[in-house]
Amino acid sequence: MNLRVIGANLVVSIKSFYREKTAMFFTFAFPIILILVFGTIFKDQENISFNLYVQDLDHTETSAEIAKTLGSTGKFKITQVNPAVDATQYARNHRLNLVLIIPQGYERSYIQNLQYDDPNAFVTITYIYDPSSASVNTKMEILNAVFAKLNQGLTGKPPFIRTAVTSILTRKYRFIEFFIPGIIAMAVMTASLAGTVNVNTELRQKGIIRKLSTTPITRTDWILSNIVYQFILAVISTAAMLLVSYAVFKVNLEINAWLPLFILLDVFAFVGIGMILTRFVQEAQSAAAAANAIMFPMMFLSGSFFPIEMMPSFLQTFARVLPLYYVNEGLRASMVSADNLAALEYSGVIGAFATVVFILGIMATKWEED
Amino acid sequence: MTIEAEYAIEVEKLTKRYGDLLAVNDISFNVRKGEVFALLGPNGAGKTTTVEIIDTIRTPTSGKVRLLGMDVTKKKHDIVPRIGVLPQGFSSFDRITVRSTMQYYSRLFCCIDPDIDGLIELVNLKDKAEVQYKNLSGGLRQRLGIAIALVNDPEVVFLDEPTTGLDPRARREVWEVLLGLKKKGKTVFLTTHYMEEAELLADTVAIVSKGKIIATGSPVELIESNSNYLIVTLQSVDEKTLAVVRKMGFEPVSDPHENIRVRVEGTDDVRKILNGVEDAGASFLSLDVRKPNLEEVFLKLTGEALHEGPTGGMGAK
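Residues numbered from 1 in each chain as written. Chains lettered and ligands numbered in written order. Predicted model: local features only at pLDDT ≥ 70, side-chain atom pairs only at ≥ 80, totals over all residues. Heavy atoms only, no water.

Caption draft 1: Structural detail: the pattern of salt bridges. For the structure shown, the criterion picks out 20 salt bridges over all chains. Where Arg-210 of chain A meets Glu-52 of chain B, a salt bridge forms, and the shortest distance between an N and an O atom there is 2.6 Å. Placement of the pair is Arg-210 of chain A in helix α8 (residues 208-212) and Glu-52 of chain B in helix α2 (residues 47-54), with the two residues belonging to separate chains. For Glu-52 of chain B, a relative accessible area of 1% puts it in the buried group. A salt bridge links Arg-290 of chain B to Glu-296 of chain B, with the shortest nitrogen-to-oxygen separation between them at 3.0 Å. Residue Arg-290 of chain B is classed as partly exposed on the basis of its relative accessible area, which comes to 27%. The exposure class of Glu-296 of chain B is buried, given its relative accessible area of 3%. Counted as one network, the salt bridges with shared partners bring together Arg-261, Asp-288, Arg-290 and Glu-296 of chain B. (Salt bridge = Lys/Arg side-chain N within 4 Å of Asp/Glu carboxyl O. Helix = DSSP H or I, 4+ residues; strand = E, 2+ residues; numbered from the N terminus. Buried < 20%, exposed > 50% of the residue type's maximum accessible area, 1.4 Å probe, protein only.)

Caption draft 2: Inspection of the pairing of strand β8 (residues 187-192) of chain B at higher detail. Residues and elements named next belong to chain B. Extensive coverage of β8 is indicated by the burial of 6 of its 6 residues. Burial of β8 is two-sided: the residues Thr-187, Phe-189 and Thr-191 facing one way and the residues Val-188, Leu-190 and Thr-192 facing the other way are all buried. Taken together, the 5 bridges between strand β3 (residues 36-40) and β8 define a ladder with parallel strand orientation. Counted as the bridge partner of Leu-39 is Thr-191 from β8. As paired elements, strand β7 (residues 156-160) and β8 share 5 bridges and run parallel to each other. Directly across from Asp-160, in β8, lies its bridge partner Thr-191. (Pairing = 2+ DSSP bridges.)

Caption draft 3: Here's a closer look at the sheet that holds strand β13 (residues 260-264) of chain B. Residues and elements named next belong to chain B. Read from one edge to the other, the open sheet built from 4 strands follows the order β12-β13-β11-β14, with strand pairing classed as antiparallel. Here the strands that pair on one side only, and so sit at the sheet edges, are β12 (253-254) and β14 (286-290). In terms of strand pairing, strand β11 (residues 230-235) meets β13 through 5 bridges, oriented antiparallel. Its bridge partner lying in β13, Leu-234 is registered against Ile-260. Sheet strands touched by helix α10 (residues 239-247): β11, β12 and β13. Its angle to β13, the strand with the most contacts, is close to 15 degrees. (Contact = heavy atoms within 4.5 Å. Axes fitted to C-alpha atoms, helices over the stretch in contact; angles between N-to-C directions.)

Without other data, these values stay purely geometric and don't point to any function.
Structure below.
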């Protein structure tokens with residue numbers, strides 16, 4: 001390893017990057033935009049509230065009470081529908097996915113049930129709904145739960161089966177806090193892999209690699225230069241992502257020595273893959289396509305954006321052979337659950353992978369031509 | 001004086017094959033220390049393949065190449081610090097300035113303290129030192145490439161087609177830089193398809209065609225040894241002249257400017273042509289008799305033009 005040579009390469013790479021404003025923008029801004037978009041979508045996911053349209057045909061104090069109860073759950077913003085209109089038509093005209101109808105005689109039946117314990121006194125609340133809507137099932141589940149609770153309250157008996165929840169996490173975490181480690185892992189991967197492939201195929205096409213082959217620079221120094229350069233970019237990019245996350249979403253994440261370690265292993269692994277790709281793909285354009293072919297499945301299947309438990313089991317098995325999975329999970333283990341043992345385990349797997357790929361990358365890099 | 005001390009480059013039975021294509025076919029030659037050696041030939045003759053094997057970019061299929069006494073296939077590590085290379089189609093980092101590029105390449109070599117400003121001055125780039133590579137013209141880029149090739153004060157400099165693609169003025173500016181190198185006593189290995197370039201710069205010229213060296217010597221020697229004929233040019237001839245000369249058994253070649261050129265064996269033939277034209281009542285404006293130049297020697301030896309264009313010789317038959 002020749003520090004003077006690596007230093008010289010770093011100076012040229014960083015100057016070139018700094019003077020290429022578009023590349024700089026996309027490297028740093030793209031992951032931040034992702035965090036802002038997804039963070040906003042999933043912000044306070046627990047406190048999400050739906051619009052609920054209620055047509056109260058009974059128009060009594062008791063029936064008004066039920067609408068109030070629904071509103072007080074915090075899950076619904078209630079809008080009253082004029083009792084005179086046809087609810088089905090109304091839903092169609094206003095493109096509503098759910099209108100709830102409280103029938104006439106609600107109060108009478110309620111009193112009958114409560115005071116005379118009459119089992120035949122009941123009411124039917126009707127859901128007028130659009131089954132093609134994505135959120136309507138969630139709304140109906142929440143409503144069913146509220147009504148079940150009301151029914152249970154009417155019987156006067158305390159519930160027999162009760163539930164208790166215990167989080168395996170020491171603290172309560174929000175979606176955004178699970179999301180950010182995945183985005184860091186993904187952003188470092190894309191910058192390292194695409195950056196390495198783009199720069200190296202371009203330098204080869206321009207003949208600069210050929211010129212370098214007539215200087216004393218070694219393949220190992222060249223790859224190490226690529227790794228150190230990508231690591232510096234990754235650290236800056238990660239710091240920017242974390243700053244935005246703290247400033248905008250007030251996230252609560254553990255930042256410790258695992259973070260730079262996982263970033264370094266991420267860089268090692270994907271610069272190595274980039275060097276191997278550069279050897280086998282000749283044209284810059286096909287190199288970019290080949291890099292995408294590796295990056296996209298990795299992005300979506302390794303659990304960067306969503307938990308792999310949401311995927312069919314064969315895809316989950318597949319996810320576990322993807323190197324990015326171990327960076328995602330390792331970063332989550334260290335940043336979210338502060339589980340050092342798990343982080344150690346994941347770093348072992350990605351570390352072994354990075355070592356193999358790094359050595360293959362050196363072997364694949366070719367200075368001399370045929 | 002031992003052979004190692006005398007020769008900077010020794011090439012013995014060098015062959016390079018790409019599949020079925022024989023790019024370099026069993027060539028041998030030596031380059032003396034301190035001389036400017038030019039490999040002259042048309043595109044596709046095998047010049048670049050040859051120079052890239054010698055300067056360690058490519059590997060040979062067979063044969064031996066020794067550079068500064070070392071086998072190029074085994075001692076690359078020891079060779080590269082002692083040579084400087086301007087590869088064909090030289091290019092550099094787009095957004096890096098001339099001075100920073102020089103500094104970059106100098107840092108790749110161990111234990112050197114190059115005079116970067118001196119080199120920038122040598123190639124006449126002083127007022128462009130802070131200009132980024134992407135903003136340099138073709139000629140300036142080549143001059144930067146030459147300066148980079150000199151950054152480690154090499155014993156042997158390889159310049160692969162240093163002026164290809166440049167306009168005549170930029171070409172002359174590069175030649176000036178190369179003449180400066182020659183004065184410094186560097187061993188220079190040059191490939192070119194410009195005859196004037198070889199004639200102006202080279203001490204020794206090797207003419208290559210289809211992967212073979214077909215003649216070697218100084219430009220003067222090459223001309224002398226192949227000039228058992230004269231070239232007669234009759235300018236602004238009238239219609240009859242061509243027919244008259246042909247009738248006398250010569251093979252005149254005409255051009256669109258009403259000139260004809262005839263290759264003759266000696267001055268007797270010149271007199272014969274003049275008398276014949278006069279007798280037939282044909283006319284011409286002026287007469288030029290001279291020995292052939294390198295281009296015509298090349299044509300005679302290979303039957304092909306060095307490069308396309310108006311100076312492409314007197315038409316290969």
